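Observations on the three-dimensional arrangement
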Amino acid sequence: MAELQEVQITEEKPLLPGQTPEAAKTHSVETPYGSVTFTVYGTPKPKRPAILTYHDVGLNYKSCFQSLFQFGDMQEIIQNFVRVHVDAPGMEEGAPVFPLGYQYPSLDQLADMIPCILQYLNFSAIIGVGVGAGAYVLSRYALTHPDTVEGLVLINIDPNAKGWMDWAAHKLTGLTSSISEMILGHLFSQEELSGNSELIQKYRNIITHAPNLDNIELYWNSYNNRRDLNLERGGAVTLKCPVMLVVGDQAPHEDAVMADSGGQPQLTQPGKLTEAFKYFLQGMGYMASSCMTRLSRSRTASLTSAASIDGNRSRSRTLSQSSESGTLPSGPPGHTMEVSC
């Protein structure tokens, strides 16, 4: 067999000039926990799940995922799947500020809104793609509705509740930092924030001047009040579907520099993430004829794939400072793919 050639993946393939953006349809549905807004791209494909995304705190679906889904190589994927981008309540563009005293849904309740979205669209299955708080929401949904989730892509997830030391640090930080600075510290590493690149300047401006900053603070509070997912390897609580775990090498949840991305790999390395996503979909039996290249490696391997969550690992790492394990248990017939980019 001919040896596979490693090809350096560049990040210079945005949506081509003259290429028509997909038509988007935005909907809102009422749920037991309030109204939720979501935007649909494409049309359902026979015998294929929808790709459903959920964004992190401080962002909406556009600021979180637009760089990824408008990347040139991603077009092959989005032509094969309908997409549903969910905005957490009050995070959509033009959202009014919630009244004083409004009880924002917990992350568990945000997960319980998803069945209302799928029922409205008459969709029976999804592949979830979530970042940070959104990754937690989709994991919680997958635990309670495993038959409707074919796979999960979880970026920078922290599956653990905050411990008392975390709470103390959070309270102390709140005395000296604004809400926008705390959220930026959640999204990006201190090294990135100190470097103050154009990307950091852009997202600092987005969050600091957000007209719905009060709403963002409510989402932030719900995230900090999350419950532990209680996932245990070999235990009764596991994710039944295939899972792709992604950690940016400078993410606040990753304490070992392993490649060349930052805290938000969907923004800084859409090419690598797209490539990994294609491998993941192929492993699920989709896009078998897709043209693939080897993922590039930097100083260390940027991709490890295991047949199961109990496979051997070449290194130990954590997804959060309060976590002892850097993996989410996944039971048969699922498999876990880990990516650092």
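These numbers were taken from a predicted model, which means no experiment stands behind them.

**Quick notes on the overall build of the protein**
Looking only at helices and strands, the protein has 11 helices and 9 strands in total. For the protein, with 341 residues in total, the buried portion stands at 52%. Long-range pairs, those at least 24 residues apart, make up 75% of the contacts in the protein with a sequence separation of at least 6. Accessible surface computed for the protein: about 15,600 Å², of which carbon and sulfur atoms make up 52%.

**Notes on unusual backbone geometry**
Phi at Asn122 is positive, roughly 60°, even though this residue is not glycine. Note that Asn122 resides in the loop between α3 (107-121) and β5 (126-131). On the basis of relative accessible area, Asn122 is assigned to the exposed category, the value being 69%. A positive phi is found at Asn156, a non-glycine position, where the angle reads about 55°. With respect to the element layout, Asn156 can be found in the loop between β6 (149-155) and α5 (164-176).

**Describing helix α1 (residues 61-69)**
Buried within α1 we find Tyr61, Ser63, Cys64, Phe65, Leu68 and Phe69. The residue sitting at the N-terminus of α1 and contributing the capping side-chain oxygen is Asn60; that oxygen lies 3.0 Å from the backbone nitrogen of Lys62.

**Remarks on the packing of aromatic side chains**
A complete count under the given rule lists 10 aromatic pairs for this structure. Between the aromatic rings of Phe98 and Tyr102, the centroid separation amounts to 4.1 Å while the plane-to-plane angle is 5°, which identifies the pairing as stacked. Judged by its relative accessible area of 26%, Tyr102 is partly exposed. Aromatic pair Trp220 and Tyr223: ring centres 6.3 Å apart, planes at 25°, arrangement stacked.

**What about empty space enclosed by the protein?**
Enumeration over the complete set of coordinates arrives at 1 cavity of 30 Å³ or more. Considered as a void within the structure, the largest cavity measures approximately 50 Å³ in volume. Residue lining of the largest cavity: Leu68, Phe69, Met74, Val129, Val153, Ile155, Met244, Leu273, Thr274 and Phe277, and that is the complete set. Of all the elements in the fold, those that place two or more residues in the lining of the largest cavity are α1, β6 and α11 (270-283). Take the lining of the largest cavity: its biggest share by element is 3 residues, from α11.

**So, the pattern of salt bridges**
Scanning all chains against the criterion turns up 6 salt bridges. Across the pair Glu181 and Arg204 runs a salt bridge, and its minimum N-O distance is 3.5 Å. Of this pair, Glu181 sits in helix α6 (residues 179-187) while Arg204 sits in helix α8 (residues 198-208), and the two are 23 residues apart along the sequence. Here Arg204 falls in the partly exposed class, since its relative accessible area comes to 22%.

**A few points about the confidence of the model for the protein**
Of all residues in the protein, 70% have pLDDT values of 70 or greater, and the mean over the chain is 79. Overall, residues 253-262 carries pLDDT values under 50, and its contacts beyond four positions in sequence, including any with other chains, amount to 44 contacts. Of the regions scoring below 50 in pLDDT, residues 294-327 engages in 86 contacts with residues more than four places distant in sequence or in other chains.

**With respect to helix α4 (residues 133-144)**
Helix length check: α4 (12 residues) gives 17 Å between terminal C-alpha atoms against 16 Å at 1.5 Å per residue, within 8%. Of all 12 residues making up α4, 10 are buried, and the element is well covered by its neighbours. Every buried residue belonging to α4 is among Ala133, Gly134, Ala135, Tyr136, Val137, Leu138, Ser139, Arg140, Tyr141 and Ala142, and all of these are buried.

**Let's talk about the packing of α3 against α4**
Between α3 and α4, the least distance of the axes is 8 Å, while the angle of their chain directions is 65°. As the angle between them shows, α3 and α4 are arranged roughly perpendicular. Handedness of the α3/α4 crossing: right-handed. Only Ala133, Tyr136, Val137, Leu138, Arg140 and Tyr141 of α4 make contact with α3, whose side of the interface consists of Leu107, Asp108, Leu110, Ala111, Ile114, Pro115 and Leu118. When the residues that make up the contact of α3 with α4 are grouped by side-chain class, the tally is 11 nonpolar, no polar and 2 charged.

**Focus: the pairing of strand β2 (residues 34-41)**
Within a regular strand, side chains alternate between the sheet's two faces. Taken across its 8 residues, β2 has 6 buried, putting it largely inside the fold. The pairing of strand β1 (residues 24-31) with β2 spans 8 bridges and is classified as antiparallel. Paired with Thr31 across the two strands is Gly34, which belongs to β2. Hairpin geometry of β1 and β2 is characterised by an intervening segment of 2 residues between the two adjacent antiparallel strands. Bridge count for β2 against strand β4 (residues 83-87) is 5 bridges, and the pairing is antiparallel. Looking at β4, one finds that Thr37 is bridged to Asp87.

Quick notes on the rules
Here the residue index of a chain counts from 1 through its sequence in written order. Two thresholds apply to this predicted model, a pLDDT of at least 70 for residue-level local features and 80 or more for giving and counting side-chain atom pairs, whereas whole-chain, interface and lining totals are computed over all residues. Only heavy atoms go into the side-chain values, all of them from the structure, while hydrogens and water stay out. Numbering of helices and strands starts at the N terminus; helices are DSSP runs of H or I of at least 4 residues and strands are runs of E of at least 2. Think of it in three bands: residues with accessible area under 20% of the maximum for their type are buried, residues over 50% are exposed, and the middle band is partly exposed, with areas taken using a 1.4 Å probe on protein chains only. Contact definition: two residues touch when any of their heavy atoms are within 4.5 Å. Per-residue and other accessible areas follow the Shrake-Rupley method at a 1.4 Å probe size, with only the shown protein chains counted as cover for residues. N or O atoms closer than or at 3.5 Å make up a polar contact, with two conditions inside protein: a donor-capable atom paired with an acceptor-capable one, and, for residues adjacent in sequence, both atoms drawn from side chains. A pair of aromatic rings is counted whenever rings of Phe, Tyr or Trp (Trp by its six-membered ring) have centres within 6.5 Å, and the orientation is called stacked for planes under 30 degrees apart, edge-to-face for over 60 and tilted otherwise. Using only the protein atoms, space was sampled on a 1 Å grid; points where a 1.4 Å probe fits but cannot get out form cavities, open sets with protein on both sides within 12 Å along at least five of seven lines form pockets, and lining residues are those with an atom within 4 Å of a point. Grid points are joined across faces, edges and corners, and a volume is the space filled by probe spheres set on the points. Only one rule defines a salt bridge in this text: a Lys or Arg side-chain nitrogen within 4 Å of an Asp or Glu carboxyl oxygen. As a per-residue measure, pLDDT reflects the predictor's confidence and takes values from 0 up to 100. In this analysis, the expected span of each helix is defined as 1.5 Å times one less than the number of residues it contains. Here an angle of 0 to 180 degrees is reported between the N-to-C directions of two axes, which are lines fitted to C-alpha atoms, with helices fitted over the stretch in contact. Working rule for angles: under 35 degrees goes down as roughly parallel, over 145 as roughly antiparallel, 65 to 115 as roughly perpendicular, anything else as oblique. By convention, the crossing between two helices is left-handed when the near helix turns anticlockwise from the far helix through less than a right angle, and right-handed when the turn is clockwise. Three residue categories are used. Nonpolar comprises Ala, Val, Leu, Ile, Met, Phe, Trp, Tyr, Cys and Pro, charged comprises Asp, Glu, Lys and Arg, and polar comprises the others, including Gly. Should DSSP find at least two bridges between two strands, the strands are regarded as paired.

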